[in-house]
Amino acid sequence: MSSENSPQNPALPEPGTEPRKPRVAVVFGGRSSEHGISVVTGGAVLGSIDRSRYDVLPIGITTEGGWVLTADEPARMAITERTVPDVAGLAEPGEGTVVLPVAPGSREVVYSEPGSVPKVLGDVDVVFPVLHGPYGEDGTFQGLLELAGIPYVGSGVLASAVGQDKEYMKRVFASFGLPVGPYLVIRPREWAAGEAAARTRITDFAGEHGWPLFVKPARGGSSVGITKVDGPEDLDAALAEARRHDPKILVESLLRGREIECGVLEFEDGPRASVPAEIPPVQSHDFYDFEAKYIDSAPGLVPAPLTEEQTAEVQRLAVEAFEAASCEGLVRADFFLTEDGGFVINEINTMPGFTPISMYPRMWQESGVDYPALVDQLVQAALRRSTGLR
């Protein structure tokens, strides 16, 4: 599909006409267990995007997968009384659904209600998908936009899929020489063939690397479904919790050290790293889980108290991880600074938490890019890129 400078781009005016503002569809919600945090992120983006530069179309995806128009009311999309919002509570009245174009060359979004003539809502120039987890952050949604020929914020199909599947993420990093900690994968077929044998593999892994272990969904995020397992007596409950979110399970050994995060953002001259942050131990939580991140708003240290050499090293590794997975737009890279002084990469997140309290925006704020400028930079990067092979 054409890039921003192509005459086919509808954001560019025809000769003799007034230029129109690029139209950004902010898409949030989705079918994953991270639905609520995606809605919060969507509210933060809607509340910060520069309306003097962009027209905005808010689109929600329900937990059942329906696409709906929602109220453009960011204040209703925040966590209140320890409860996360959902798309169903924001949807416009009626049974209408939103339909994206299915063929390259058309960017018209249509709203359809039963028994009514479909309404054309206008062209969309770029999609800002603030979707977390499966069916949004894993390459499936990105593939839909590639088929439609619509530019979008963030990584493409391959990088999104790699970033969602922690097994293949680690395999890619290891192949590029990035330091990765010990891990074990239990696939659905292995579990179906013999649960006892799968458990034995895990306890053998613990015998080699020690307890505690972390048991998690292989394709999840926001620390949903993750359990710290101190011994074999807690293993069954942890496996059941992980499998509730994903039939593929990842088991990781505990890496003793400090948790360090670093943001990567794509500029015109390439990706750059932010100042890093540190996630200190949370006294009220066993580890940095979902409630610590989003409900109790556990504070992180920005910038992280590192030496200049350590800061430079983690920034270098973050950009290398971004490039190794062929990422675009943005990434948050998570590391452990181990007791021997080396960095081990834990994972990347191709659509990191993007709420005002999230670490990714905070790191860029400290690096001189505030939240509205960060949103603008991501939209501009998406408009510069073409869809398709690149």
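From a predicted model like this one, the values you see are computed outputs, not experimental measurements.

Lay out the overall build of the chain with the relevant residues and their values.
Assigned secondary structure in the chain consists of 11 helices and 16 strands. Buried positions account for 54% of the 390 residues belonging to the chain. Sequence-distant contacts in the chain: of pairs separated by 6 or more residues, those separated by 24 or more amount to 65%.

Requested: an account of the sheet that holds strand E3 (residues 67-69), with residues and values cited.
Pairing in this open sheet of four strands is mixed, and the strands run E3-E2-E1-E7 from one edge to the other. Looking at which strands have only one partner, the edges of the open sheet turn out to be E3 and strand E7 (126-129). Shown here is a sheet whose adjacent strand axes are inclined to one another by a mean of 30°, direction ignored. Sheet analysis places strand E2 (residues 55-61) next to E3, joined by three bridges and oriented antiparallel. Its bridge partner being in E3, Ile-61 is matched across the sheet by Trp-67. Each of strand E1 (23-29), E2, E3 and E7 touches helix H2 (residues 140-148); the most contacted strand, E7, lies at about 175° to it. Helix H11 (residues 371-384) contacts E1 and E7 of the sheet and is inclined by roughly 130° relative to E7.

How would you explain the environment of Pro-217 if you had to name every residue and give the values?
With respect to the helices and strands, Pro-217 occurs in strand E9 (residues 213-217). What makes Pro-217 buried here is its relative accessible area of 3%. Placed 33 residues apart in sequence, Pro-217 and Leu-250 show a C-alpha to C-alpha distance of 6.0 Å. What Pro-217 contacts, discounting residues up to four positions off in sequence, is Lys-166, Val-224, Gly-225, Ile-226, Ala-242, His-245, Asp-246 and Lys-248.

Would you mind going over the packing of helix H6 (residues 195-209) against helix H7 (residues 235-243) in detail, with residue names and values included?
The interhelical angle for the contact between H6 and H7, taken along N-to-C directions, is 115°, at an axis separation of 12 Å. Relative to H7, the element H6 lies roughly perpendicular. In this structure, the crossing between H6 and H7 has a hand that is right-handed. Residues Arg-199, Ile-202 and Thr-203 of H6 pack against Leu-235, Asp-236 and Leu-239 of H7. Residues of the contact of H6 with H7, tallied by class, amount to three nonpolar, one polar and two charged.

Break down the pattern of salt bridges for me, citing the residues and quoting the values.
A complete count under the given rule lists 26 salt bridges for this structure. Two residues, Arg-272 and Asp-269, come together in a salt bridge whose shortest N-O distance is 3.2 Å. Under the relative-accessibility criterion, Arg-272 is labelled partly exposed at 39%.

Quick one: what's the story with the packing of aromatic side chains, residue by residue and with numbers?
One pass over the structure, following the stated rule, counts six aromatic pairs. Ring geometry for Phe-335 and Phe-343: centres 6.2 Å apart, planes at 80°, overall edge-to-face. As far as burial versus exposure is concerned, Phe-335 and Phe-343 are alike and both buried. Seen from their ring centres, Phe-354 and Tyr-371 are 5.3 Å apart, and the 65° between their planes marks the pair as edge-to-face. Remark: Tyr-371 occurs in helix H11 and Phe-354 occurs in the loop between strand E16 (343-349) and helix H10 (359-366); sequence separation between them is 17 residues. Counting every residue linked through ring pairs, the aromatic cluster contains Phe-128, Phe-354, Tyr-360 and Tyr-371. Here the basic side chain of Arg-31 rests over the ring of Tyr-135, its NZ or CZ set 3.9 Å away from the ring centre. Over the face of the ring belonging to Phe-267 we find Arg-272, whose NZ or CZ atom lies 3.9 Å from the ring centre.

Definitions and limits used
Residues numbered from 1 in each chain as written. Predicted model: local features only at pLDDT ≥ 70, side-chain atom pairs only at ≥ 80, totals over all residues. Heavy atoms only, no water. Helix = DSSP H or I, 4+ residues; strand = E, 2+ residues; numbered from the N terminus. Buried < 20%, exposed > 50% of the residue type's maximum accessible area, 1.4 Å probe, protein only. Contact = heavy atoms within 4.5 Å. Pairing = 2+ DSSP bridges. Axes fitted to C-alpha atoms, helices over the stretch in contact; angles between N-to-C directions. Parallel < 35°, antiparallel > 145°, perpendicular 65-115°, else oblique. Left-handed = near helix turned anticlockwise from the far one by under 90°. Nonpolar A, V, L, I, M, F, W, Y, C, P; charged D, E, K, R; others polar. Salt bridge = Lys/Arg side-chain N within 4 Å of Asp/Glu carboxyl O. Phe/Tyr/Trp six-rings, centres within 6.5 Å; stacked < 30°, edge-to-face > 60°. Lys NZ or Arg CZ within 6 Å of the ring centre and 35° of its normal.

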